[in-house]
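Architecture and fold: a report
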Amino acid sequence: MSTIATAPPKATTSSYSETRRHELRMSLMLMVDGNLVSNARSVESGASARVYEGGYWGFASTSDTSSEKVRELSDLARRNARAMAKFGERKKLQLPNGHYRGEHEYKGKAPLSAGECADRLAQVDAWCGERFKGLKSTRIRVLDEHHRKHIANSEGTDAVASIQRALCTVTFIAEDASGSPVEVTEFLSGKGHLGDIDWSLEALAPRLDALYGHLQAKREAVAARGGLARVVMGPQLAGILAHEAMGHPCEADLVLGGAVTGDLVGKRVASELVTMVDYAHTYDGEEAVIPVYCDDEGMPASDAVLIKDGVLTEFMNSLETSARLGIRPTGSARAYAPSDEPLVRMRNTAILPGQSKLDDMVAGIEDGYLLLRTGNGQADSTTEFMFAISLGYEVKNGKVGRAIRDTTMSGSAIKVLQGVDAVSGDMHWNSGGYCGKKQRMVVSMGGPAIRTQVQMGGE
Amino acid sequence: MSHTIELRTAATRALEQMRKRGFEHAQVTAMATRQDEVNIAHGEPSLLRSTDARRMGLVGIVDGRKAATEVSDLGETSVREGIDALFAAAKSAPRDEANKVSSGQKARIVQGPQESDVALLTDKARELIDFCRRETPKVNLVEAVVAHVLTRSHTVTTGGSELETEVGHHSVGAFGTAREGQATSSFAYTGGNCHDLAGTHASAMFGIDEMARNLEKSIHTRPVGDKFVGDVVLTPEAVSDFLNWFLGQLCDVQLIAGSSLYRDRVGEAVGSKMLTLRSRFDAPGVCAVTSDAFVANPVTILEQGTLRTLTPGLYGSLKTKLPHVPVAAEGWELLAGDTPREKLVSGTQRGALVGRLSMGNPAANGDFAGVIKNSFMIDGGKVGHALSETMISGNVAQMLKDVAAVSRERLDTGTWLLPWVRIGGLHFS
């Protein structure tokens, strides 16, 4: 990928424009019971241009990243914006001004070769087969993903940004007493590539021992009781709670779409124990897993404090949503692939740690659940959210009991967050998943353990 | 045509380079996709997006060791570097006798609209906007897209397979909410692919009009109230959620891991006699070739509830000794039943008309629990109030057996052609 900027034409009073060169490198390896089912790599390079003119946007992209092609793209994007005039005259928004100049590239350890990864997969697989009796299947998946973007805009932005994250998951499958499959998964994710996260056998071994223990418990799992229940969500769940429950409803495009949060700024939406922030690039003095110094519109990125001590404070936004709502820009517009246009997206969304201890929080539950692992989740304009529970336990009289079968938990975010009565001092970040919203997106999410009341799916 | 020749040249040249590099077996796909897309945001026309993307997929096997790579720069240097890296990745992979490439497959598939007409896309976007303003003014069309997509590909293998495709389609999708005062509905979305965009009003496509009308009826909601065991009438979109789980059970990873519930069930009744599931690999937006370079011929998966086949790819088949059944990435239909759609509801004593399920992936054993969205209470055979904070739970494998009625009517979204389905025995909470 070239590092030479091809700046779009200087803005006229009537238009704004941006260009992005974007390279996305990925590798994915999947081993199923010693069989290397996937051993794949990809490099997707492209350039895009976007123009705002006459109240409309035009966008164009190509796999050809030559300077000449990028200039042609700007023309095509402008023609596209003008073609939208067929819909009639539209009021032009006064987009916020802002520009960023700088280079941010993560320098991690030396990457692992495909061969080193294949050997490591085989080693972990063999160790699991030897150590854990009764496994029907073991799946080990490793993935890394590296985005490198060169963004320029008509306001003077000229920035190089990179995002790199890696993921390792191990899934154990066994059978329950009726012969039905039961599975549990351990996730390890972090910044950088597969050489930067520690998925050595030594590092994985204690986690896999614990995972096998959960698998044995889940083979005798019981169905959760459907209905309202008091729960402790472990630190690995707080991030998805932040992301789904109030993250999405605080994206300004969804606010414009009618999300109820639009009427709640300055109002109490959560317990005063809850503070929630979408971090741009730095958390607690360290660079976040998904560092966004300037977004894909070229706007300098800043933290968005969504909830402060239980009160809804602000939204994440793009140039357009900032202008429409008359709120400060946060630099939250991001595009996943070279051919994607920027949309309002979360970056590193977290509920901040509190003072409680996880053990004490569990001890305080008379009849409820301890929820430890999740799958995918979904938000809604009403703030009613859900996410899957792939590992959890009953809690009776403060003691952890039987495992529960896979289920889903849900609730109104406002009721759930207002019901929070304890927040632990832990902090767990997870950056393994994708967020889906027209395009998929790499995000990270974090938080402590949280005690509250939710709806459990079940009998 | 020149673009087609260009892809063929690129693919055959790369295959030759791979041979020279030392690969014993190889597969190359050169692909180009062009898309024009008119976007609506918050009920207003917003963006015209044009994309032109190329990529080349390379699969190489040396000494029984396999790797795959994909590059978007089809230039000679980029492809050569890709092949070199691929060779190193393959050489370091474990040897596996099941690693093969397709041989003897020949096809040229040309279907759907080959040219984009931006004026037509614009007209259809305007129809959506005008419909919502006129017929469903409480609806905020948060995001809608009208697009033309043309994907051309040329695949060659060292086994002599040669597959050429030029597949065009239009797509229309809408995502919205409805609002009255400070009350907001859940969001809803629908959409699909078609060949002929001009012939039908955009709002009448893929159930968009019905979705918008139902959004206005679901601004004010109530929870279901108490726990009970009842019926669900699933809309086609909700049906597709469950069929996706079922189809996933028939594929390579589940079969190789031995975790598929259906691994040894071919020839057995695994669903209601009302269920016949078969392919429609010639549907709009669907291409009847597989990623491992086989022609996907028509196939029936479920015939009156009896499982007729599993769907392992070449690798899965060689690994498990199960018959190889090539299937396209998508394109399925559930045959219509004989019950009018309204009778599905009138035959339900207590339950819900379920528009969408918000849930995690069902568990390996089929267990699931999900929040029902865009859904309405059914009591005494009549559709009642819109629901909120209501969950259902059950087991997908059991639900396939418990289907009580299938509608005469079906919704065609291109990749799916599905009826409405009534199923009993779900837990509401």
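Residues numbered from 1 in each chain as written. Chains lettered and ligands numbered in written order. Predicted model: local features only at pLDDT ≥ 70, side-chain atom pairs only at ≥ 80, totals over all residues. Heavy atoms only, no water.

**Points about the overall build of chain A**
For clarity, the cut-off: The helix and strand labels rest on DSSP assignments: H or I over at least four residues marks a helix, E over at least two residues marks a strand, and numbering proceeds from the N terminus. The reference for a compact globule is 2.2 Å times residues^0.38; the radius of gyration itself is calculated from the C-alpha atoms. Between buried and exposed lies partly exposed: a residue is buried under 20% and exposed over 50% of the maximum accessible area for its type, with that area taken using a 1.4 Å probe on protein chains only. Whether two residues are in contact is decided by their heavy atoms, any of which lying within 4.5 Å being enough. Every accessible area reported is derived by Shrake-Rupley at a probe size of 1.4 Å, with residue values counting cover from the shown protein chains alone. Charge assignment in this entry is limited to Lys and Arg as positive and Asp and Glu as negative, and neither His nor the chain termini are counted. The location of each charge is read from NZ of Lys, CZ of Arg, CG of Asp or CD of Glu.
Counting its secondary structure elements, chain A contains eight helices and 26 strands. Taken over C-alpha atoms, the radius of gyration comes to 23 Å for chain A, in line with the 23 Å a tight globule of 459 residues would show. If you line up chain A on its principal axes, its C-alpha atoms span 70 × 55 × 40 Å. Considering chain A as a whole, with its 459 residues, one finds that 63% of them fall into the buried category. Across chain A, every contact between residues at least 6 apart in sequence was considered, and the portion connecting residues at least 24 apart equals 74%. Accessible surface for chain A amounts to roughly 16200 Å². Of this, 49% is attributable to carbon and sulfur atoms. Computing the positive centroid from 52 side-chain charges and the negative centroid from 58, chain A places the two 3 Å apart.

**Focus: the domain arrangement of chain B**
All names here are of chain B. In plain terms, the rule: Domain start and end points were adopted from an automatic or database domain assignment. Note: buried area is the sum, over both parts, of the accessible area (probe 1.4 Å) each one loses when the two are combined. We count a salt bridge whenever a side-chain nitrogen from Lys or Arg sits within 4 Å of a carboxyl oxygen from Asp or Glu. In the scheme used here, Gly and all other residues not listed as nonpolar or charged are polar, with Ala, Val, Leu, Ile, Met, Phe, Trp, Tyr, Cys and Pro taken as nonpolar and Asp, Glu, Lys and Arg as charged.
Taken domain by domain, chain B consists of domain 1 (3-217) and domain 2 (222-428). Each side of the interface is counted separately: domain 1 has 34 residues, and domain 2 has 29 residues. Buried surface at the junction of domain 1 and domain 2, summed over both partners, amounts to about 2300 Å²; 58% is from carbon and sulfur atoms. The interface formed by domain 1 and domain 2 contains two salt bridges. One salt bridge in this structure joins Glu 210 and Arg 341, with 2.3 Å as the shortest N-O distance. At the level of secondary structure, the elements contributing two or more residues to the side of domain 1 that touches domain 2 comprise β4 (106-111), β5 (139-157), β6 (162-180), β8 (188-194) and α4 (208-217). It is β8 that contributes the most residues to the side of domain 1 that touches domain 2, six residues altogether. Here the side of domain 1 that touches domain 2 is composed, by residue class, of 12 nonpolar, 17 polar and five charged.

**Side note on the layout of surface pockets**
Condition: We place a 1 Å grid over just the protein atoms. Points where a 1.4 Å probe fits but has no way out form a cavity, open points with protein on both sides within 12 Å along at least 5 of 7 lines form a pocket, and any residue with an atom within 4 Å of a point lines it. Grid points are joined across faces, edges and corners, and a volume is the space filled by probe spheres set on the points.
The calculated volume of the second largest pocket comes to roughly 990 Å³. Around the second largest pocket sit 43 residues that line it, and Arg 25, Met 26, Arg 41, Ser 42 and Val 43 of chain A are the ones nearest its centre. Taken together, the elements giving at least two residues each to the lining of the second largest pocket come down to β1 (15-32), β2 (35-53), α2 (114-131) and β5 (137-153) of chain A together with β3 (65-71) and α2 (76-91) of chain B. In terms of residues, the lining of the second largest pocket owes the most to one element, α2 of chain B, which gives seven residues. Partitioned by chemical class, the residues of the lining of the second largest pocket number 16 nonpolar, 18 polar and nine charged.

**Overview of the sheet that holds strand β9 (residues 276-279) of chain A**
All names here are of chain A. Heads up, the condition is: In this scheme, strands are said to pair when DSSP sees at least two bridges between them.
Strand order in the open sheet formed by six strands is β13-β12-β9-β16-β25-β22, with mixed pairing between adjacent strands. Unpaired on one side and paired on the other, β13 (311-312) and β22 (428-430) mark the two borders of the sheet. The pairing of strand β12 (residues 304-308) with β13 spans two bridges and is antiparallel. By the bridge assignment for β13, Lys 308 is matched with Val 311.

**Some remarks on the packing of aromatic side chains**
Where we set the bar: Aromatic rings from Phe, Tyr and Trp, with only the six-membered ring used for Trp, were paired whenever their centres fell within 6.5 Å, and each pair was classed as stacked if the ring planes differed by under 30 degrees, edge-to-face if by over 60, and tilted otherwise. Placement of a charge over a ring requires the Lys NZ or Arg CZ to be within 6 Å of the ring centre, with the centre-to-atom vector within 35 degrees of the ring normal.
Overall, the coordinates contain 18 aromatic pairs over all chains when judged by the stated rule. Both rings, one in Phe 187 of chain B and one in Tyr 189 of chain B, keep their centres 6.1 Å apart while their planes meet at 25°; by these two values the pair is stacked. The exposure class assigned to Phe 187 of chain B is buried, which follows from its relative accessible area of 10%. Aromatic pair Phe 281 of chain B and Trp 332 of chain B: ring centres 5.4 Å apart, planes at 80°, arrangement edge-to-face. Placement of Phe 281 of chain B in the loop between β11 (277-279) and β12 (300-303) and of Trp 332 of chain B in strand β14 (residues 332-334) is noted, with a sequence separation of 51 residues between them. We note that Phe 281 of chain B, like Trp 332 of chain B, is buried. In textbook terms, an aromatic cluster arises when at least three aromatic residues are bridged by ring pairs, as seen for Trp 127, Phe 132, Phe 172 and Tyr 212 of chain A. It is Arg 50 of chain A that lies over the ring of Trp 57 of chain A; its NZ or CZ is 3.8 Å from the centre.

**Quick word on the side chain of Asp 176 of chain A**
All names here are of chain A. Where we set the bar: Two N or O atoms form a polar contact when they lie within 3.5 Å of each other; inside protein one atom must be a possible hydrogen donor and the other a possible acceptor, and for residues adjacent in sequence the pair counts only when both atoms belong to side chains.
Structurally, the position occupied by Asp 176 is in the loop between β6 (158-175) and β7 (181-191). An unpaired buried charge is present at Asp 176: no salt bridge exists, and Arg 405, the closest side chain of opposite charge, is 5.8 Å distant. Within the structure, the side chain of Asp 176 is placed 2.8 Å from the side chain of Ser 178, a separation counted as a polar contact. Every residue in contact with Asp 176, bar those within four places of it in the chain, is listed here: Val 182 and Arg 219.

**What to know about the interface of chain B and chain A**
The interface of chain B with chain A comprises 76 residues on the first partner and 76 residues on the second. Interface area for chain B against chain A, summed over the two sides, is near 6000 Å², with a carbon-plus-sulfur share of 50%. Taken together, the connections running from chain B to chain A amount to 11 salt bridges. A salt bridge links Glu 384 of chain A to Lys 373 of chain B, with the shortest nitrogen-to-oxygen separation between them at 3.3 Å. For the pair chain B and chain A, the interface holds 53 residue pairs in polar contact (both at pLDDT 80 or more). If one sorts the elements of the side of chain B that touches chain A by residue count, strand β2 (residues 44-62) of chain B sits on top with 11 residues. Of the residues contributing to the side of chain B that touches chain A, the split by class is 30 nonpolar, 28 polar and 18 charged.

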